[in-house]
Each structure stands twice: as C-alpha cells, then as structure tokens.
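Residue-level listing of the chains:
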Amino acid sequence: MVTGTVTVDRYGVMGYPVSHSRSPVIHRLFALQTGQSLQYELLRVTAEKLEEAVRQFQRTGGKGLNVTVPHKRAVCRLVDQLSERASTAGAVNTLAFQDSEIFGDNTDGIGLLRDLVVNLGLNLDSANILILGAGGATRGIVGPLLEMRPRTLRIANRTLKRAEDLVERFERMGPVTACRFNVIPVSESYHLIINATSAGLEGETPPYPAAAVSEKTFCYDLSYGIKPTPFSIWARDHGAAHSVMGWGMLVEQAAESFHIWRGVRPDTKAVLKQMSISA
Ligand code: NAP
C-alpha cells in the first residue's frame, strides 16, 4: 500500500529578539479564516547567522519569511528581485521563495497606512508628522507617509547620521528633515508622532521630546504588547489626544505578506477582533 505524504507549506519570521512577535498567531488565524494549509515558525536568528538561516530555510522547502528587527536592511543583499516599494525603502520585511529565486517586498508602509487611515480614520493631508527612530521600520513607512502629502515629516533619531541618510534618500518625495531627539523645535506642534524605535523591546524609554506633544497629538507606537508599551505610557502621561499601539499595523502588514504568499487577502478586522484588540 502506498501512503501519500501531506506536505504543509512553511513560513516564518526571523528576528533578534523575536519571542515577542505575534506573527505566528496572526498567520494561523489568517490560514484558518481562508482555508489555507500552512505552518508559521518563530526563528531567532542573530545578524551573523542571517544569510545562513535564510538559505537553509529556502533549501529545506520554506516558501516565505517575514524579516524583523534588526535584519530588514541587511536582508536586501540576499534578494534576487526587489519590489518597487522595497527598493525605495532599501529595506525588506517579506521574502517569497520562488524556484531558486528570492523575491523581497516591504509591507510595513501599506500596513501602517491601512491602520492609520482606514481603521483609525486619520487624515494626513497637511499634517505635521514626527517619526522617532531611523531603522528598518522607518525606511518602510517614510515613502508611503510622504505620499499622503503631509506638511512636514521630521525624523528624529539617537544617531543623527542614520536620520540624515534617510532624508537624503526620501527628500525627492516630499518635505522631510532630520534631527536628534533633543533638538526638535518646541514651536512645532505635531499632529502625529510615530515611535519607530526598538527601545521599548528592552523596556527602555529614551528622552523623547516632550515639547512635541500637545492635546491634539495622535501618538502611535509601532511596538505593541499585552500591557501598554513604554512609549504609549509616555504619550498618555504627556497629554496626547490618543495613544495607540501597533497591533493594527501588525495585522495589516501581515495580511499584505499573506496575500503575496498565498494570493488571498484575509479579513483583517475579523482577526483584530479575534485577538481582542480593537482597530
Ligand atoms: P531597527 O532597524 O533595529 O532600528 C531600531 C531603531 O531604534 C533605531 O533608530 C535605533 O536608533 C533606535 N533605538 C534602539 N534602541 C534605542 C534606545 N535605547 N534609545 C533610542 N533609540 C533607540 O528596528 P526596526 O526594524 O526599525 O523596528 C523598530 C521597532 O518597530 C521594533 O520595536 C519593531 O518591533 C517595531 N515594528 C513594528 C511593526 C508593526 O507591524 N507593528 C512593524 C515594523 C516594526 P540608532 O539608529 O541610534 O541605533
């Protein structure tokens, strides 16, 4: 008697640290909802092991990966074909293995915008926007935010050079400037402040610019947690109008990755509800 072997398509998220990631739960919920058969793993990989780990995953039949902190930029060099948005960002958060080729895309920007504009109802036209952090996630969100035609978009970072590099990359797309956390002009009131540092992962609260927050400011933390993140507490304590964690972006960017891999678009609202997180 011949018994057939059922193979399940394998996906995963690579990062360091990565234990905080809720991507496996989200992709399991997407798979259940859309009737797709797949497994999704949590892969803790250091910078030194990144290439070896990606190649190994591909060699052993893996179909696709999400790439998270701190690998989004470094992984670009392993990609054979970059999407336009990943190429503009110079950062990748989604890999698809197609035959022997690696396709790289970036779904962070579309994920953030779907949450801000569709789920949360923000109008970014003519807004003053401040992004804290200039890492891989910021690379993915600056271009899509500039396409919303804000009045200003300032990138503040602990390491000024990294913020300046991003200004050089994106200034042809719109009004983007760079500074350190402590030199943000106090006369500027921000409509939207986005925390894109990874400081909260270590439970840290860097000296964020308190003067940038007013009672009209919407604060959005890319980081997320079951308990409020350090930045979301900081924003609330400084009188922000709203302080929201990045669950919605997480689900929206995951849905875009799922669509790239499986050709099916899951219902994100239903998944946010299942996770008991309101959009
Ligand atoms: P990354 O490439 O490693 O960049 C980290 C950034 O955080 C850099 O700007 C770094 O500043 C800054 N930073 C780290 N520790 C700091 C500290 N103690 N004080 C001040 N600044 C600090 O990471 P990433 O990929 O951009 O991710 C950033 C965060 O966004 C992570 O927490 C990640 O989980 C989250 N994220 C969430 C979503 C979502 O869907 N919700 C999507 C993408 C990312 P320097 O340049 O000075 O080192």
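Residues numbered from 1 in each chain as written. Predicted model: local features only at pLDDT ≥ 70, side-chain atom pairs only at ≥ 80, totals over all residues. Heavy atoms only, no water.

Visitor: So what about the overall build of the protein chain? Which residues, and what values?
Guide: Of the regular secondary structure elements, the protein chain holds nine helices and twelve strands. Since a compact globule built from 279 residues should have a radius of gyration of about 19 Å, the 19 Å found for the protein chain is in line with a globular shape. Its C-alpha atoms give the protein chain principal-axis dimensions of roughly 80 × 35 × 30 Å. In the protein chain, which comprises 279 residues, the proportion classed as buried is 53%. A separation of at least 24 residues holds for 69% of the contacts in the protein chain among residues at least 6 apart in sequence. (Helix = DSSP H or I, 4+ residues; strand = E, 2+ residues; numbered from the N terminus. Rg over C-alpha atoms; globule rule 2.2 N^0.38 Å. Buried < 20%, exposed > 50% of the residue type's maximum accessible area, 1.4 Å probe, protein only. Contact = heavy atoms within 4.5 Å.)

Visitor: I'd like a description of the domain arrangement of the protein chain, backed by residues and values.
Guide: Many structure descriptions define interface size as the accessible area lost when the parts assemble. If you check the domain split of the protein chain, you get domain 1 (9–106) and domain 2 (109–248). With centres defined by C-alpha atoms, the gap from domain 1 to domain 2 works out at 25 Å. The interface is formed by 14 residues belonging to domain 1 together with 15 residues belonging to domain 2. Together, the buried faces of domain 1 and domain 2 total about 1100 Å²; carbon and sulfur atoms form 58% of this surface. On the domain 1 side of the interface with domain 2, the three residues burying the most area are Arg22, Thr88 and Ala89, jointly 38% of the side's total. Taken together, domain 1 and domain 2 are joined by four residue pairs in polar contact (both at pLDDT 80 or more). Its residues assigned to classes, the side of domain 1 that touches domain 2 comprises four nonpolar, six polar and four charged. (Domains from an automatic or database assignment. Buried area = accessible area lost by both parts, 1.4 Å probe. Polar contact = N/O pair within 3.5 Å; in protein donor to acceptor, adjacent residues only side chain to side chain. Nonpolar A, V, L, I, M, F, W, Y, C, P; charged D, E, K, R; others polar.)

Visitor: Requested: an account of the sheet that holds strand 7 (residues 128–132), with residues and values cited.
Guide: Pairing is parallel across the open sheet formed by six strands, whose spatial order is 9-8-7-10-11-12. Looking at the sheet topology across the chains shown, the edges are occupied by strand 9 (176–179) and strand 12 (242–245). Within the sheet, the average angular offset between the axes of one strand and its neighbour, ignoring direction, is 20 degrees. Two strands pair when backbone bridges link them, and strand 11 (residues 218–221) and strand 12 are joined in this way by four bridges, in the parallel orientation. Residue pairing across strands places Tyr220 opposite Val244, the latter belonging to strand 12. (Pairing = 2+ DSSP bridges. Axes fitted to C-alpha atoms, helices over the stretch in contact; angles between N-to-C directions.)

Visitor: An account of the sheet that holds strand 5 (residues 94–98) is needed here, citing residue identities and associated values.
Guide: Taken in spatial order, the six strands of this open sheet run 2-1-3-5-6-4, and their pairing is mixed. The sheet is open, and its two edges are formed by strand 2 (38–44) and strand 4 (81–82), each paired on a single side. In terms of strand pairing, strand 1 (residues 9–15) meets strand 2 through seven bridges, oriented parallel. Looking at the pairing, Tyr11 lines up with Tyr40 of strand 2. On top of the sheet, helix 1 (residues 23–34) reaches strand 1, strand 2 and strand 3 (64–67); it is set at about 175 degrees to strand 2, its chief contact. Lying on the sheet, helix 2 (residues 50–59) is in contact with strand 1, strand 2, strand 3, strand 5 and strand 6 (101–105); it crosses strand 1 at an angle near 175 degrees.

Visitor: Tell me about the site of the ligand, residues and numbers included.
Guide: Residues in contact with the ligand amount to 29 residues; listed here are only the nearest, Ala137, Thr159, Arg162, Glu204 and Leu222. In this structure, Ala137 approaches the ligand through a main-chain N or O atom, which is 2.7 Å from an oxygen atom. In the model, an oxygen atom of the ligand is placed 2.9 Å from a nitrogen or oxygen of the Arg158 side chain. In isolation the ligand exposes 920 Å². Once the protein is present, 91% of that is buried. Those elements giving two or more residues to the shell around the ligand turn out to be helix 5 (136–146) and helix 8 (247–262). Sort the elements by how many residues they give to the shell around the ligand and helix 8 lands first, with three residues. Residue classes in the shell around the ligand are distributed as 13 nonpolar, eleven polar and five charged. Here the shell around the ligand spans two domains, since at least three of its residues come from each of domain 1 (9–106) and domain 2 (109–248). (Near = heavy atom within 4 Å. Areas by Shrake-Rupley, 256 points an atom, 1.4 Å probe, with all protein chains shown as cover.)

Visitor: Now, about a positive patch on the surface: what can you tell me, with residues and values included?
Guide: Together, Arg73, Arg158, Arg162, Arg169 and Arg172 make up a positively charged patch on the protein surface. Here Arg73 shows up in the loop between strand 3 and strand 4. (Patch = residues over 30% accessible without salt bridge, like charges linked within 9 Å, V, L, I, M, F, W, Y side chains within 5 Å. Salt bridge = Lys/Arg side-chain N within 4 Å of Asp/Glu carboxyl O. Lys, Arg positive; Asp, Glu negative; His and termini not counted. Charge placed at Lys NZ, Arg CZ, Asp CG, Glu CD.)

Visitor: Got a sec to walk through the packing of aromatic side chains? Specific residues and values, please.
Guide: For the coordinates displayed, the defined rule picks out nine aromatic pairs. Plain terms: the ring middles of Tyr224 and Trp247 are 4.8 Å apart, the flat faces sit at 50 degrees to each other, and that makes the pair tilted. Remark: Trp247 occurs in helix 8 and Tyr224 occurs in the loop between strand 11 and helix 7 (230–237); sequence separation between them is 23 residues. Taking relative accessible area as the criterion, Tyr224 reaches 17% and is therefore assigned buried. Ring centres of Phe231 and Trp234 lie 5.6 Å apart, and the angle between their planes is 25 degrees; on these two criteria the pair is classed as stacked. Highlighted residues: Phe231 and Trp234, both in helix 7, separated by three residues, approximately one helical turn. Exposure class is identical for Phe231 and Trp234. Each is buried. By way of ring pairs, the aromatic residues Phe181, Tyr208, Phe231 and Trp234 are connected into one cluster. (Phe/Tyr/Trp six-rings, centres within 6.5 Å; stacked < 30°, edge-to-face > 60°.)

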